[in-house]
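Understanding the architecture of this molecule
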Amino acid sequence: MASPGIDTEQEPLLGDRTPGSREWDIIETEEHYKSRWISIRILYLTMFFSSVGFSIVIMSIWPYLQKIDQTADASFLGWVIASFSLGQMVASPVFGLWSNYRPRKEPLIVSIFISVMANCLYAYVHVPASHNKYYMLVARGLVGFGAGNVAVVRSYIAGATSLQERISSMANTSACQALGFILGPVFQTCFALIGEKGVTWDAIKLQINMYTAPVLLGAFLGVLNIILILTLLREHRVDDSGRQCKNVNFEEASTDEVQFPQGNIDQVAVLATNVLFFVVLFIFALFETIVTPLTMDMYAWTREQAVLYDGIILAALGVEAILIFMGVKLLSKKIGERAILLGGLIVVWVGFFILLPWGNQFPKIQWEELHNNSIPNTTFGEIIITLWKSPREDRNEGPTGCPIEQAWCFYTPMIHLAQFLTAAMLIGVGYPSCNVTSYTLYSKVLGPKPQGVYMGWLTASGSAARILGPVFISQVYTSWGPRWAFSLVCGIVVLTIMLLGVVYRRLVPFSVRHGRIQE
């Protein structure tokens, strides 16, 4: 029999099958139940460590790149930032395929080991006499390659949970990922106390400073993660009802193993969910990118103010996202994941519609003929620069406001601060709702069959969105301004809602589609 306690992530979302009931006793023993949830929680921790390892250096990449290689410019910074997503996009299907045919410990350990080695390489990029920027590019690309294990993590959790447990488990996974993204920059701020000089371990030529200490912590967390996976993770796979399934990943035989149910996966639903997930991440990636240049142009904030205020706003959105992830678990029991996904898209549309500039008040104009400090001129990299500019570089911030190089500044009304904050709050509600429900629906459509490759493609589509979103918004915003940029985003969301309406009835669990379980 199973453990009598039931926590949030184990609460059934459908039916009355709970731990302690006769049906549950037949399906799952107490030992199997405990082992399964220990393994799932280890993968929650894996997602948290992976997110911390990514975000803990994100605010220091630009100053560190300038320090180690004077030839690095804004264009190259864009490649360094994009290399993470490119690496993840390539690796996700590979690790997903691997996990379909071998014990999932293997791709998890190998991917984390690659990330550990990449972090160590990042700590040594100052050593070569030349071409240091290319070493950093390779290091960040390999960290992204290692992060391709997200596909393995999500496919494992999808395969190790019943339909009733799926949305809660996916929400917890996303919450751990979001918490890592929030805490990473906090750890980076703490390491800033070490300073640029820091200390040097001459024997191994290792500099421990504000730039390298974060990646060394990331490497340590990776080693700890490998130890936990080796000692505690066990292979588990259950069908949609919670019965243990026979699979090549299994390390131990079970007397009540059953074969996979027969039936074809709805490929139309699979493709549609990939498109929906791409759009969701595309929209949030472009919003994160445009926050700093938009606020500097509209409210004449200095670089120092923008980094501080926008950092607070994004941190608040991260906390909001964790609360939404938890709320989705409860709401899904009442209205289902499809309705939450539709509602989330509508909320996102409302948020971007509110961002459209109206009225007769215009932003302050930068009349001085100076280099544009507010927005990117040509490359994605220049968008990111304002996030890494240290306020200590130049206490004389120079002119603020909307630069004259952008012709739309003269005829486009400003977006009021209350307008911007309201829109940000709504987008912060809609995005996490769409994120977790699209993952959950995708796993349910695929059913109890191995999901590694499919999850790999879903992760790859998300990586592509994080690359293309910033490029799209930088070009449209710079050339045509916020009215056109956000109008196009609203149009994209409307098309996405229409797509969801077309495939709405097809986004049902595999077992429901084949009549094995009542919805």
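In case you missed it, the structure is sitting above this.
A brief report on the enclosed structure follows.

Conventions used here
Residues numbered from 1 in each chain as written. Predicted model: local features only at pLDDT ≥ 70, side-chain atom pairs only at ≥ 80, totals over all residues. Heavy atoms only, no water. Helix = DSSP H or I, 4+ residues; strand = E, 2+ residues; numbered from the N terminus. Contact = heavy atoms within 4.5 Å. Phe/Tyr/Trp six-rings, centres within 6.5 Å; stacked < 30°, edge-to-face > 60°. Buried < 20%, exposed > 50% of the residue type's maximum accessible area, 1.4 Å probe, protein only. Lys NZ or Arg CZ within 6 Å of the ring centre and 35° of its normal. Core = buried A, V, L, I, M, F, W, Y, C linked by side-chain atoms within 4.5 Å. Domains from an automatic or database assignment. Patch = residues over 30% accessible without salt bridge, like charges linked within 9 Å, V, L, I, M, F, W, Y side chains within 5 Å. Areas by Shrake-Rupley, 256 points an atom, 1.4 Å probe, with all protein chains shown as cover. Salt bridge = Lys/Arg side-chain N within 4 Å of Asp/Glu carboxyl O. Expected span 1.5 Å × (residues − 1). Disulfide = S-S within 2.5 Å. Axes fitted to C-alpha atoms, helices over the stretch in contact; angles between N-to-C directions. Parallel < 35°, antiparallel > 145°, perpendicular 65-115°, else oblique. Left-handed = near helix turned anticlockwise from the far one by under 90°. Nonpolar A, V, L, I, M, F, W, Y, C, P; charged D, E, K, R; others polar.

**Let's talk about the overall build of the protein**
What the protein contains, in helices and strands, is 17 helices and four strands. Excluding contacts between residues fewer than 6 apart, the proportion of contacts in the protein whose partners are at least 24 apart in sequence is 82%.

**Examining the packing of aromatic side chains**
This structure, assessed with the given rule, holds 18 aromatic pairs. Aromatic side chains Phe282 and Phe472 sit 5.5 Å apart centroid to centroid with 50 degrees between the ring planes, which places their arrangement in the tilted category. Note that Phe282 is positioned in helix α10 (residues 267-299) and Phe472 in helix α15 (residues 452-480), a separation of 190 residues in sequence. Take Phe282: its relative accessible area is 8%, and that puts it in the buried class. Measuring from centroid to centroid gives 5.0 Å for Trp301 and Tyr309, while their planes differ by 70 degrees, and the two rings are edge-to-face. Assessed through its relative accessible area of 13%, Trp301 is described here as buried. Each residue in the set Phe284, Phe287, Phe352, Tyr431 and Phe486 is aromatic and connected to the rest through ring pairs, giving one cluster. Above the plane of the ring of Tyr439 lies Arg154, whose end atom (NZ or CZ) is 3.6 Å from the centre. Positioned over the ring face of Trp358 is Arg483, at 5.9 Å from the centre of the ring.

**Here's the deal with unusual backbone geometry**
With a phi angle near 60 degrees, His131 is a residue other than glycine that sits in the positive phi range. Relative to the helices and strands, His131 is located in the loop between α5 (105-123) and α6 (132-146).

**Digging into the nonpolar core**
Counting residues in each nonpolar core, the largest one holds 97 residues, and the members touching the most others are Phe287, Phe352, Leu355, Phe420 and Phe486. Broken down by element, the residue count for this core peaks at 18 residues, all from α10. The two domains that each donate at least three residues to this core are domain 1 (27-247) and domain 2 (266-366 + 401-518). If sequence neighbours within four positions are ignored, Phe352 has contacts with Ile283, Leu286, Phe287, Ile427, Phe486, Val489 and Cys490. Membership of the second largest hydrophobic core comes to 26 residues, among which are Phe48, Leu77, Val125 and Tyr211.

**Looking at a nonpolar patch on the surface**
A cluster of nonpolar side chains, Leu308, Tyr309 and Ile312, forms an exposed patch at the surface whose accessible area comes to about 290 Å². For Leu308, a relative accessible area of 48% translates into the label partly exposed.

**Concerning α5**
With 19 residues, α5 should reach 27 Å at 1.5 Å per residue; the first-to-last C-alpha distance of 27 Å fits that figure. Within α5, the full set of buried residues consists of Lys105, Pro107, Leu108, Ile109, Ser111, Ile112, Ser115, Val116, Ala118, Asn119, Tyr122 and Ala123.

**What to know about the state of the cysteines**
The full count for this structure, using the stated rule, is one disulfide. Here Cys402 engages in a disulfide with Cys409; their sulfurs sit 1.9 Å apart. Given an S-S torsion of about -55 degrees, the disulfide between Cys402 and Cys409 has left-handed geometry. Residue Cys409 is classed as buried on the basis of its relative accessible area of 1%.

**Points about the packing of helix α12 (residues 337-354) against helix α14 (residues 417-446)**
Where α12 contacts α14, the axes come no closer than 7 Å and their chain directions differ by 155 degrees. Taken as axis vectors, α12 and α14 run roughly antiparallel relative to one another. Relative to α14, α12 is oriented so that their crossing is left-handed. Residue classes in the contact of α12 with α14 are distributed as 15 nonpolar, eight polar and three charged.

**Here's the deal with the pattern of salt bridges**
Applying the stated criterion to the full structure yields six salt bridges. In this structure, the salt-bridge partner of Arg506 is Asp266, at a minimum N-O distance of 3.0 Å. Remark: Asp266 occurs in the loop between α9 (213-232) and α10 and Arg506 occurs in the loop between α16 (482-503) and α17 (510-513); sequence separation between them is 240 residues. With a shortest N-O distance of 2.9 Å, Lys444 and Glu337 are connected by a salt bridge. Taken together, the residues Lys444 in helix α14 and Glu337 in helix α12 connect sequence positions 107 residues apart. A residue is classified by how much of its surface remains accessible, and Lys444, at 5% relative accessible area, is buried.

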